[in-house]
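# Overview (structure and organization)
Residue-level listing of the chains:
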Amino acid sequence: MNIYLYLLLGSLAVPLLLSFDKKLQFYKKWKFILPAISIVAAVYLAFDVLLTHLGVWGFNAEYHSKQLLLGLPLEEWLFFFVIPYASLFLHHSFILYFPNIQLTNKLSKMISFILIVIFLFLIGANYHRIYTVYILSFAVLAMVISFFQKKKILNQFLITYLIILIPFILVNAILTGTFIDGEVVWYNNEENLGIRFLTIPIEDFAYAFSMLLFSLQLSSYFEPHSQN
């Protein structure tokens, strides 16, 4: 049973349909968002291929298609386009309906600084764990870049990310073995902190955070008149 594909189709269906909503008109942002998602996907896919080869994680053939490209199932390639698209749709939808709900610059910077310190400490204490070092480094880089951007993306993203976490937890929990027999994606716990929420490695939360923040930063760069 191709659980991976069903999860991706379910994740994409509603955001894609509502992209043509008269008020949101998210499709008009495609020329900025799709290139941004594609660039970020290329980077993360390159690391995905490498880390799969190194045995940091892998895939259960029972739950995905037989089509493989560079050792990754087709669904894994689609993941880096479908999930960011659905997540950025949620981000922009929230901003449309609640434009004034955002953190102050001071609070946003303080939260980012605290996270950076924590992540750097974890990287130093777990330098031998590939997944931990890889993704926490990316999260630190994404937040540092935000400090130098004129558009205060983190002021809103730190809020919308909490909303994005709702579908993220549901999808990722199933992928990592919650609610199903076995797992779609398995992880080598020698290469991560070994801490899980449900069956989700704690690093996955930083993974989603950095991947989406990079996508927002790039799309904002491509859309010079955007405020978010």
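Scroll up a little and you will see the structure.
Let me begin by describing the structure that accompanies this report.

What follows concerns the overall build of the protein chain. A count of helices and strands for the protein chain gives 7 helices and 6 strands. Shown N-terminal to C-terminal, the secondary structure of the protein chain runs as helices and strands in the order α-α-β-β-β-α-α-α-α-β-β-β-α. Over its C-alpha trace the protein chain gives a radius of gyration of 17 Å, about what one expects of a compact globule, namely 17 Å for 228 residues. Seen along its three principal axes, the alpha-carbon backbone of the protein chain occupies a region of about 45 × 40 × 30 Å. Considering only residue pairs separated by 6 or more positions, the protein chain has 78% of its internal contacts joining residues 24 or more positions apart. As displayed, the protein chain has an accessible area near 11,600 Å², and 71% of this comes from carbon and sulfur atoms. A distance of 21 Å separates the average location of the 13 positive side-chain charges in the protein chain from that of its 12 negative side-chain charges.

With that settled, consider a nonpolar patch on the surface. The grouping of Leu-107, Met-110, Phe-113, Ile-114, Val-117, Ile-118, Val-144, Phe-147 and Phe-148 at the surface amounts to a nonpolar patch, some 840 Å² of accessible area in total. Looking at the nonpolar patch, the elements that each hand over two or more residues are helix H4 (105–125) and helix H5 (130–147). A per-element tally of the nonpolar patch places H4 first, with 6 residues. Along the chain, Leu-107 turns up in helix H4. Judged by relative accessible area, which is 33%, Leu-107 ranks as partly exposed.

With that settled, consider the side chain of Ser-65. Checked against the element boundaries, Ser-65 lands in the loop between strand E1 (57–59) and strand E2 (68–69). Looking at Ser-65, its side chain comes within polar contact range of the side chain of Gln-67, at 3.2 Å. Only 3.0 Å separates the side chain of Ser-65 from the side chain of Glu-75, close enough to count as a polar contact.

For the coordinates displayed, the defined rule picks out 2 cavities of 30 Å³ or more. By volume, the largest cavity is sized at about 220 Å³. Counting residues per element, the ones that place at least two in the lining of the largest cavity are E1, helix H3 (74–97), helix H6 (153–175), strand E4 (185–187) and helix H7 (203–222). Residues of the lining of the largest cavity, tallied by class, amount to 14 nonpolar, 2 polar and 3 charged. Each pocket or cavity is described by its volume, and for the second largest cavity that value is around 100 Å³. Lining the second largest cavity, in full, are Asn-105, Ser-108, Lys-109, Ser-112, Ser-146, Phe-147, Lys-151, Lys-152, Ile-153, Leu-154 and Asn-155. Only H4, H5 and H6 provide two or more residues apiece to the lining of the second largest cavity. Per element, the largest residue contribution to the lining of the second largest cavity is 4 residues, and it comes from H4. Here the residues of the lining of the second largest cavity are counted per class, giving 3 nonpolar, 5 polar and 3 charged.

Attention shifts here to the packing of aromatic side chains. This structure, assessed with the given rule, holds 27 aromatic pairs. Ring centres of Tyr-44 and Tyr-207 lie 5.3 Å apart, and the angle between their planes is 70°; on these two criteria the pair is classed as edge-to-face. Placement of the pair is Tyr-44 in helix H2 (residues 30–53) and Tyr-207 in helix H7, with a sequence separation of 163 residues. Here the two residues Tyr-44 and Tyr-207 agree in accessibility, since each one is buried. With a centroid separation of 6.1 Å and 85° between ring planes, the pair formed by Phe-138 and Phe-214 is classed as edge-to-face.

Attention now moves to the environment of Asn-188. If you trace the backbone, Asn-188 turns up in the loop between E4 and strand E5 (196–197). Among the residues examined, Asn-188 registers a relative accessible area of 25% and is labelled partly exposed. When the C-alpha positions of Asn-188 and Ile-123 are compared, they lie 17 Å apart, and in sequence the two are 65 residues distant. Among all residues touching Asn-188, those that are not within four sequence positions of it are Gly-55 and Val-56.

Parameters at a glance
- Residues numbered from 1 in each chain as written.
- Predicted model: local features only at pLDDT ≥ 70, side-chain atom pairs only at ≥ 80, totals over all residues.
- Heavy atoms only, no water.
- Helix = DSSP H or I, 4+ residues; strand = E, 2+ residues; numbered from the N terminus.
- Rg over C-alpha atoms; globule rule 2.2 N^0.38 Å.
- Contact = heavy atoms within 4.5 Å.
- Areas by Shrake-Rupley, 256 points an atom, 1.4 Å probe, with all protein chains shown as cover.
- Lys, Arg positive; Asp, Glu negative; His and termini not counted.
- Charge placed at Lys NZ, Arg CZ, Asp CG, Glu CD.
- Patch = residues over 30% accessible without salt bridge, like charges linked within 9 Å, V, L, I, M, F, W, Y side chains within 5 Å.
- Salt bridge = Lys/Arg side-chain N within 4 Å of Asp/Glu carboxyl O.
- Buried < 20%, exposed > 50% of the residue type's maximum accessible area, 1.4 Å probe, protein only.
- Polar contact = N/O pair within 3.5 Å; in protein donor to acceptor, adjacent residues only side chain to side chain.
- 1 Å grid on protein atoms, 1.4 Å probe; cavity = no way out; pocket = protein on both sides within 12 Å on 5 of 7 lines; lining within 4 Å.
- Points joined across faces, edges and corners; volume = space filled by probe spheres on them.
- Nonpolar A, V, L, I, M, F, W, Y, C, P; charged D, E, K, R; others polar.
- Phe/Tyr/Trp six-rings, centres within 6.5 Å; stacked < 30°, edge-to-face > 60°.

Shape descriptors only; they carry no functional weight alone.
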